[in-house]
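Examining the three-dimensional arrangement
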Amino acid sequence: MTGQRTLATAGRVLRQLRHDPRTIALMLVVPCLLMTLLRYVYDGQVQIFDHVAPVLLVLFPFTVMFVVTSVAMLRERSSGTLERLLTTPMAKGDLLAGYALAFSVAAVIQVGLVMVLAVGPLGLQIHGGLGALATVALLDALLGTVLGLFLSAFANTEFQAVQFLPAFVLPQLLLCGLFAPRAQMLPILSWLSDVMPLSYAVDAATRAATSSMWTSALTTDVLVVAACIPLFLGLGAGTLRRRTP
Amino acid sequence: MNAIEVSHLRVVRGGRVVLPDLSCTVSSGTIAGLLGPSGSGKTTLIRAIVGVQRVASGHLSVLGKPAGSPELRRLVGYVTQTPSVYGDLTVRENLAYFATMAGVASSAVADVIETVSLGALSSTQVAQLSGGERARVSLAAALLPSPKLLVLDEPTVGLDPVLRQELWDLFHQLAGKGVTFLISSHVMDEADRCQRLLLLREGAVLADATPAELLQRTQSADLEAAFLRLIEAEVSI
Ligand SMILES: Nc1ncnc2c1ncn2[C@@H]1O[C@H](COP(=O)(O)OP(=O)(O)OP(=O)(O)O)[C@@H](O)[C@H]1O
Ligand SMILES: [Mg+2]
């Protein structure tokens, strides 16, 4: 692996995005619109908005990066460019790290915009540190990216890749504690919730937003999410085969 | 010395035996043509030689190393049948990226753009190019690292006669410097420009000869007739 190739890949992915203004608009504007929508859905119930908004703040980058990455990787496979790259001296890590870096940059912009909008015009009250919340959101964006990289190997078409969103993201969303407290779920569901990375991200977001101190529970949640990133990156590297059938 | 040596290669794709037991060689510095009907296994053989095809058994040696060895990644250029470049990037952006990934100085980019006559289009997005132009971007990317062996899967499809002539002149010029070529083609008049021809049918080598030998052995006036006679098994060599 070389830094130069990783940077070149990140630059290339971002350049591809730049040539596609509609995707950029979708990545940046849609989360802001949804956040605004949420604010007015809970117009009379500001406490609920204050409770749900931090969770959405980490869910947006996760979901968007998951979809964008898995489709981008699938296109790389079906266009033959992946095969071409794998016949060059490049290391697989160069490609994966490049993708992760590029989408982290996109996530920083996305998270920054939504955050400014939420705590500014929308009047979101955050009791904890904004920095902690931003960190969690960025880690979550990275998690979405590496999960998308890994799962794209199991899709043969863009139709299938998009279907992974309801198949892999919605169950995590249902079980992450947003709709019902994780501790009150049926044992099997609460166990499932315990092994899903998104649950820790959502817990971390809630903790970061409600406590002004960086607690040890927050550290644990952040570490779990952070540890999932190299795990899925490694699994993703395993799906990049130089020889195919 | 042989640039490519294939012995008893067997490849199964999707449960079907595509290459049952194929052996052939290509000697260094020659331009070898790979011909055969659609579905005869040309792309599969090419993929095995560049080391991206999973093979069931057999031995493949490329430039003296087993096919797919990491050392070969700097020495073998591969152009896929469908152009494998990024449609949403410009010609220059594509080549600059592939240059970095291949470990080549970025100064090589301008050279290969000139080589494939795309100078006027270097700032155009690849998705907006014609099929033949896109194919040349893909070829340019393979030329970047100045490979010792170039494996080209139908590189001249969709090109007009003038461009095709230019590319063949380039291939001959590079072959003169010791580069080996394996070029698959459907166009019979291109077979004439190869020094050696491999004819595949149903995954087996039907003929391995020079164009002149083929004409003589099949008693045909041109290569098209020679191939038709061979494929229809009127004669065998
Ligand atoms: N991905 C694949 N999975 C399963 N079978 C395949 C696959 N690709 C090709 N085949 C089969 O292998 C055989 C040889 O295909 P190949 O692409 O090597 O032919 P070809 O000689 O290159 O044909 P063409 O001139 O049309 O490009 C065909 O019968 C095809 O059906
Ligand atoms: Mg083919």
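Relevant structure appears above.
Residues numbered from 1 in each chain as written. Chains lettered and ligands numbered in written order. Predicted model: local features only at pLDDT ≥ 70, side-chain atom pairs only at ≥ 80, totals over all residues. Heavy atoms only, no water.

Some words on the overall build of chain A
We count it as follows: Think of it this way: any DSSP run of H or I at least four residues long counts as a helix, any run of E at least two long counts as a strand, and we number them from the N terminus. Atoms counted for the radius of gyration: C-alpha only. Globule rule: 2.2 Å times residue count to the power 0.38. Between buried and exposed lies partly exposed: a residue is buried under 20% and exposed over 50% of the maximum accessible area for its type, with that area taken using a 1.4 Å probe on protein chains only. Contact definition: two residues touch when any of their heavy atoms are within 4.5 Å. All accessibility values rest on the Shrake-Rupley procedure with a 1.4 Å probe; residue burial counts only the protein chains present in the view. When charges are counted, Lys and Arg are positive and Asp and Glu negative, with His and the chain ends excluded. To locate a charge, the coordinates of NZ of Lys, CZ of Arg, CG of Asp or CD of Glu are taken.
Counting its regular elements, chain A contains 10 helices and 0 strands. Across chain A, helices and strands are ordered from the amino to the carboxyl terminus as α-α-α-α-α-α-α-α-α-α. Its C-alpha atoms give chain A a radius of gyration of 18 Å, within 12% of the compact-globule value 18 Å for 245 residues. By principal-axis analysis of the C-alpha atoms, chain A measures approximately 55 × 40 × 35 Å. Residues counted as buried form 49% of the 245 residues belonging to chain A. In chain A, the proportion of contacts linking residues at least 24 apart, taken out of those at least 6 apart, comes to 77%. Of the roughly 10900 Å² of accessible surface on chain A, 69% is carried by carbon and sulfur atoms. Of the charged side chains in chain A, 15 are positive and 11 negative; the average position of the first set lies 13 Å away from that of the second.

Quick notes on empty space enclosed by the protein
What counts, and what does not: As defined here, a cavity is a set of points on a 1 Å grid over the protein atoms alone where a 1.4 Å probe fits but cannot get out. A pocket is an open set with protein on both sides within 12 Å along at least five of seven lines, and residues line them when an atom is within 4 Å of a point. Grid points are joined across faces, edges and corners, and a volume is the space filled by probe spheres set on the points. Nonpolar residues are Ala, Val, Leu, Ile, Met, Phe, Trp, Tyr, Cys and Pro. Charged residues are Asp, Glu, Lys and Arg, and all others, Gly as well, are polar.
Scanning the entire structure with this criterion turns up 1 cavity of 30 Å³ or more. In this structure, the largest cavity occupies an estimated 140 Å³ of space. Together, 14 residues line the largest cavity, and Arg-84 and Thr-88 of chain A together with Ala-141, Ala-142 and Pro-145 of chain B are the ones closest to its centre. Of all the secondary structure elements, the ones that give two or more residues to the lining of the largest cavity are β6 (76–79), α2 (91–102) and α4 (131–143) of chain B. A per-class count over the lining of the largest cavity returns 9 nonpolar, 3 polar and 2 charged.

Here we look at the coordination of the magnesium ion (ligand 2)
So the rule is basically this: Only nitrogen, oxygen and sulfur atoms qualify as donors, and only when within 2.8 Å of the metal (3.2 Å in the case of Na, K and Ca); with water excluded, sites may look incomplete.
Looking at the metal site, the magnesium ion (ligand 2) is ligated by Thr-43 of chain B (OG1) and Gln-81 of chain B (OE1), spaced 1.9 to 2.2 Å from it. In this pair, Thr-43 of chain B sits in helix α1 (residues 42–50) while Gln-81 of chain B sits in the loop between β6 and α2, placing the two residues 38 residues apart along the sequence.

Brief notes about the environment of Ile-4 of chain B
Residues and elements named next belong to chain B. With respect to the helices, strands and loops of the structure, Ile-4 is situated in strand β1 (residues 2–13). The class of Ile-4 is buried, set by a relative accessible area of 0%. C-alpha separation for the pair Ile-4 and Gly-203, spaced 199 residues apart in sequence, amounts to 17 Å.

Comments concerning a nonpolar patch on the surface
Worth spelling out the cut-off: Each patch is built from residues lacking any salt bridge and having more than 30% relative accessible area; the joining distance is 9 Å for like charges and 5 Å for nonpolar side chains (Val, Leu, Ile, Met, Phe, Trp, Tyr). In the sections that follow, a salt bridge refers to a side-chain nitrogen of Lys or Arg positioned within 4 Å of a carboxyl oxygen of Asp or Glu.
On the surface, a cluster of nonpolar side chains totalling about 430 Å² of accessible area is made up of Leu-26, Val-30, Leu-34, Leu-37 and Val-41 of chain A. Since its relative accessible area comes to 32%, Val-30 of chain A is described here as partly exposed.

Focus on the sheet that holds strand β10 (residues 204–209) of chain B
Where strands meet in a sheet, backbone hydrogen bonds hold them as pairs that are either parallel or antiparallel. Residue and element names in this part refer to chain B. Convention followed: When DSSP finds two or more bridges between two strands, those strands count as paired. Interaxial angles span 0 to 180 degrees and are taken between N-to-C directions of axes, which are lines fitted to C-alpha atoms, for helices over the stretch in contact.
A sheet is described by the order of its strands in space; here 6 strands give the open sequence β6-β7-β8-β3-β9-β10, paired in mixed fashion. Each edge of the sheet is formed by a strand with only one pairing partner; in this case those strands are β6 and β10. The average undirected angle you get between the axes of adjacent strands in this sheet is 15°. In the sheet, strand β7 (residues 149–153) pairs with strand β8 (residues 180–185) via 5 bridges, with the strands oriented parallel. Note on β8: the bridge partner recorded for Leu-149 is Thr-180. Across the sheet, α1 lies against β3 (31–35), β6, β7, β8 and β9 (196–201), angled at about 155° from β7, the strand it touches most. Sheet strands touched by α4: β6 and β7. Its angle to β6, the strand with the most contacts, is close to 170°.

Side note on α1 of chain B
Residue and element names in this part refer to chain B. The element α1 is largely enclosed, with a buried count of 8 among its 9 residues. For α1, the set of buried residues is Lys-42, Thr-44, Leu-45, Ile-46, Arg-47, Ala-48, Ile-49 and Val-50. Directly after α1, the chain includes Gly-51, whose backbone phi takes a positive value near 80°.

Examining the site of ligand 1
Residue and element names in this part refer to chain B. Note the cut-off: Residues are counted as near a molecule or strand when any one of their heavy atoms sits within 4 Å of it. Here a polar contact means two N or O atoms within 3.5 Å. Within protein one must be a hydrogen donor candidate and the other an acceptor candidate, and residues neighboring in sequence count only if both atoms are side-chain atoms.
What surrounds ligand 1 is a group of 15 residues, the closest being Arg-16, Ser-38, Lys-42, Thr-43 and Thr-44. Within the contact set of ligand 1, an oxygen atom lies 2.7 Å away from a side-chain nitrogen or oxygen of Thr-43. Protein contacts shield 68% of the accessible area of ligand 1, which totals 640 Å² for the unbound molecule. Counted by class, the shell around ligand 1 contains 2 nonpolar, 9 polar and 4 charged residues.

A few points about the interface of chain A and chain B
Here is the rule we go by: Buried area is understood as the total, over both parts, of accessible area removed when two parts are fitted together, assessed with a 1.4 Å probe.
Facing the 29 residues of chain A at the interface are 31 residues of chain B. Contact between chain A and chain B buries roughly 2700 Å² in total, counting both sides, with carbon and sulfur atoms accounting for 52%. For chain A, the biggest contributors to the area lost against chain B are Arg-84, Arg-243 and Pro-245 of chain A; these three give 27% of the whole. As a salt-bridge pair, Arg-18 of chain A and Glu-93 of chain B come within 4.0 Å of each other at their nearest N and O atoms.

Some thoughts on the pairing of β1 of chain B
All names here are of chain B. Alignment of β1 against strand β2 (residues 16–27), held across 8 bridges, turns out to be antiparallel. The residue of β2 that forms the bridge with Val-12 is Val-17. The turn linking β1 back onto β2 is made up of 2 residues, and Gly-14 within it adopts a positive phi angle of 55°. Sheet analysis places β1 next to strand β4 (residues 57–62), joined by 5 bridges and oriented antiparallel. Within β4, the residue paired with Ser-7 across the bridge is His-59.

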